[in-house]
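# A look at the structure
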Amino acid sequence: MMTLYERFEQVVAIVLSAVIAVIIVTSLVQLIRVVFTLLVLDAFNPLDHTVFQTVFGMIMTLLIAMEFKHSIVRVVMGQDSIVQVKTVVLIALIALSRKFVILDPETSPAKVAALSGAALALGIVYWLMRERDQRALDAERAAAAAQGESRHAP
């Protein structure tokens with residue numbers, strides 16, 4: 001049985017999921033429109049920095065939105081009770097990657113260094129969390145194996 005608050009969380013997650021789905025569809029239509037316009041006007045040159053920034057910035061925005069939606073759907077489906085911190089860190093890394101893609105070539109070195117430091121810090125946090133999860137999984141497997149061996153011992 002779900003408590004009243006758990007039901008509330010489910011409703012909020014469903015509404016957020018629907019809103020993000022609308023944003024994803026709208027962004028996808030916008031991306032298709034922009035790429036089609038660039039192709040028709042014969043201006044689609046992926047080596048042109050501005051075109052590259054526009055198209056890949058839009059693609060990465062869609063990826064970020066889809067990752068958000070995926071994390072919310074996991075909550076709705078009951079796989080997770082709340083949005084996991086590891087997922088939030090991953091989404092932040094994707095957002096920083098997008099920022100690097102759309103950076104203006106004249107960006108100051110200090111700004112690039114600050115963004116790099118943030119990406120490095122998030123990467124370290126993500127790696128540490130993954131290592132922690134892997135150690136916990138290894139410990140569970142070892143405990144299960146030890147329990148299985150004790151059942152089969154004479």
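Shown above is the structure to which this text applies.
About the criteria used
- Residues numbered from 1 in each chain as written.
- Predicted model: local features only at pLDDT ≥ 70, side-chain atom pairs only at ≥ 80, totals over all residues.
- Heavy atoms only, no water.
- Helix = DSSP H or I, 4+ residues; strand = E, 2+ residues; numbered from the N terminus.
- Buried < 20%, exposed > 50% of the residue type's maximum accessible area, 1.4 Å probe, protein only.
- Contact = heavy atoms within 4.5 Å.
- Salt bridge = Lys/Arg side-chain N within 4 Å of Asp/Glu carboxyl O.
- Expected span 1.5 Å × (residues − 1).
- Polar contact = N/O pair within 3.5 Å; in protein donor to acceptor, adjacent residues only side chain to side chain.
- Phe/Tyr/Trp six-rings, centres within 6.5 Å; stacked < 30°, edge-to-face > 60°.
- Axes fitted to C-alpha atoms, helices over the stretch in contact; angles between N-to-C directions.
- Parallel < 35°, antiparallel > 145°, perpendicular 65-115°, else oblique.
- Nonpolar A, V, L, I, M, F, W, Y, C, P; charged D, E, K, R; others polar.
- Patch = residues over 30% accessible without salt bridge, like charges linked within 9 Å, V, L, I, M, F, W, Y side chains within 5 Å.
- Areas by Shrake-Rupley, 256 points an atom, 1.4 Å probe, with all protein chains shown as cover.
- Core = buried A, V, L, I, M, F, W, Y, C linked by side-chain atoms within 4.5 Å.

Helix and strand counts for the protein come out as four helices and zero strands. Counting the 154 residues in the protein, one finds 19% classified as buried. Within the protein, contacts between residues separated by at least 24 positions form 66% of all contacts whose residues are at least 6 apart in sequence.

With that out of the way, let us pick up the pattern of salt bridges. A full pass over the atoms with the stated rule returns three salt bridges. The closest approach of N and O atoms between Arg 130 and Glu 131, which form a salt bridge, is 3.5 Å. Shared partners join several salt bridges into a network, and the residues in it are Lys 86, Arg 132 and Asp 133.

Across its 18 residues, helix α3 (residues 85-102) extends 26 Å between first and last C-alpha, which sits within 8% of the 26 Å expected from 1.5 Å per residue. Taken as a whole, α3 has its buried residues at Thr 87, Val 89, Ile 91, Leu 93, Ile 94 and Leu 96.

Turning our attention to the side chain of Ser 17. You can see Ser 17 is positioned in helix α1 (residues 4-40). Discounting residues that sit within four places of it in the chain, Ser 17 has contacts with Lys 69, Ile 72 and Val 73.

Inspection of the secondary structure puts Ser 71 in helix α2 (residues 49-76). Side-chain polar atoms of Ser 71 contact the backbone oxygen of Phe 68, separated by 2.7 Å.

Before going further, it helps to examine the packing of aromatic side chains. If you walk through the whole model with that rule in mind, you get one aromatic pair. Aromatic pair Tyr 5 and Phe 8: ring centres 6.0 Å apart, planes at 40°, arrangement tilted. A residue pair is termed a helical-turn pair when its members lie 3 or 4 positions apart in one helix, as Tyr 5 and Phe 8 do in helix α1 at three residues.

Where α2 meets α3, the closest approach of the two axes is 9 Å, and the angle between their N-to-C directions is 175°. What the angle tells us is that α2 and α3 run roughly antiparallel. Contacts from Phe 52, Gln 53, Phe 56, Gly 57, Met 60, Thr 61, Ile 64, Glu 67, Phe 68 and Ser 71 of α2 reach α3 at Thr 87, Leu 90, Ile 91, Ile 94, Ala 95, Ser 97, Arg 98, Val 101 and Ile 102. Classifying every residue of the contact of α2 with α3 by side-chain character gives eleven nonpolar, six polar and two charged.

Our focus in this paragraph is the environment of Leu 31. Looking at the secondary structure, you find Leu 31 in helix α1. For Leu 31, the residues in contact, after removing those within four places along its chain, are Val 55, Met 58, Ile 59 and Leu 62.

In this section: a nonpolar patch on the surface. Residues Phe 52, Phe 56, Ile 59, Leu 63 and Met 66 make up a contiguous nonpolar surface patch of roughly 400 Å² in combined accessible area. Residue placement: Phe 56 occurs in helix α2.

Judged by nonpolar contacts, the single largest core of 13 residues is most densely connected at Ile 24, Leu 31, Leu 38 and Val 55. Of all the secondary structure elements, the ones that give two or more residues to this core are α1 and α2. Looking at this core, the element that brings in the most residues is α2, giving seven residues.

Right, let's get into α1. Every α-helical turn comprises 3.6 residues, leaving residues that sit three or four positions apart pointing alike. The end-to-end C-alpha distance of α1, which contains 37 residues, comes to 54 Å, matching closely the 54 Å that a straight helix rising 1.5 Å per residue would cover. Each element contacted by the buried residues of α1 is listed here: α2.

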